[in-house]
Amino acid sequence: MTNTGMNTQQKRVQRLLLWPPGFIWYMARKLPSVLFWGIRVLQLNANHCRTQLPFSWRTKNPFRSIYFSALCGAAELASGALCLFHTSGTGSYSMLVTEFEAEFIKKATQTVTMECREGNRIHEALQALKQPGDSCQISLAVSGLHPDGETLARFRVTWSFKRRHP
């Protein structure tokens, strides 16, 4: 799936999450902790999503690094925004995180970017859900990166999808 093949709802979700006032409005209603931590969506398209988590007083722990829950929240948002993009305008789905794994490689002492490049896998999984009640699980990889591109954490977020009645 390419960006030129986006449906109207996917374009709307993309605009909403990339436009700061729309993002703030949506997160205030759905995930207020994202606003507290200062997480932003930097890029969202059919193939990948990038979020950014600042190193600030809101995200810092007593050990002078970013608190693991803020890192996990930014990773979940990177995968979840990509899932939301792919479910938009393609039917009605319920989605839920059913498993979460994290490997912390290096101390997060500066702004972190989270990247999920699993858009094609999400698209294929949702295409297989033809009938209401059909469900699947998909485990998505998310990388946490320092500004220099060095990997500081790896995450596996498992999402469960169930196709709803139209």
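Residues numbered from 1 in each chain as written. Predicted model: local features only at pLDDT ≥ 70, side-chain atom pairs only at ≥ 80, totals over all residues. Heavy atoms only, no water.

## Here we look at the environment of Pro132
Consideration 1: The topology assignment puts Pro132 in the loop between α5 (119–127) and β5 (135–145).
Consideration 2: According to the relative accessible area criterion, Pro132 is partly exposed, its value standing at 33%.
Consideration 3: Once the C-alpha coordinates of Pro132 and Tyr93 are considered, the two residues, 39 residues apart in sequence, prove to be 9.0 Å apart. (Helix = DSSP H or I, 4+ residues; strand = E, 2+ residues; numbered from the N terminus. Buried < 20%, exposed > 50% of the residue type's maximum accessible area, 1.4 Å probe, protein only.)

## Re the packing of aromatic side chains
Consideration 1: Summed over all chains, the structure comprises 4 aromatic pairs.
Consideration 2: Summarising the aromatic geometry, the rings of Phe36 and Trp57 are spaced 6.1 Å apart at their centres and angled 90° between planes, so their arrangement reads as edge-to-face. Of this pair, Phe36 sits in helix α3 (residues 32–37) while Trp57 sits in the loop between β2 (49–53) and α4 (68–87), and the two are 21 residues apart along the sequence.
Consideration 3: Seen in terms of ring centroids, Tyr67 and Phe68 are 5.0 Å apart; in terms of plane orientation they differ by 55°. Their pairing is tilted.
Consideration 4: When its relative accessible area of 45% is taken as the criterion, Phe68 is described as partly exposed.
Consideration 5: An aromatic cluster is built from Phe100, Phe104 and Phe155, whose rings are joined through pairwise contacts. (Phe/Tyr/Trp six-rings, centres within 6.5 Å; stacked < 30°, edge-to-face > 60°.)

## So, the nonpolar core
One broad trend across soluble globular proteins is that nonpolar side chains are buried collectively.
Consideration 1: If you look at the biggest cluster of nonpolar residues, it comprises 46 residues, and the most contacted ones within it are Leu17, Leu44, Leu71 and Met114.
Consideration 2: With 11 residues, the top contributor of residues to this core is α4.
Consideration 3: Here Met114 is in contact with Cys49, Arg50, Thr51, Leu71, Ala74, Ala75, Ala78, Val142, Ser143, Gly144 and Phe155, once residues within four sequence places are set aside. (Core = buried A, V, L, I, M, F, W, Y, C linked by side-chain atoms within 4.5 Å. Contact = heavy atoms within 4.5 Å.)

The values reported here are purely geometric and, on their own, carry no functional implication.
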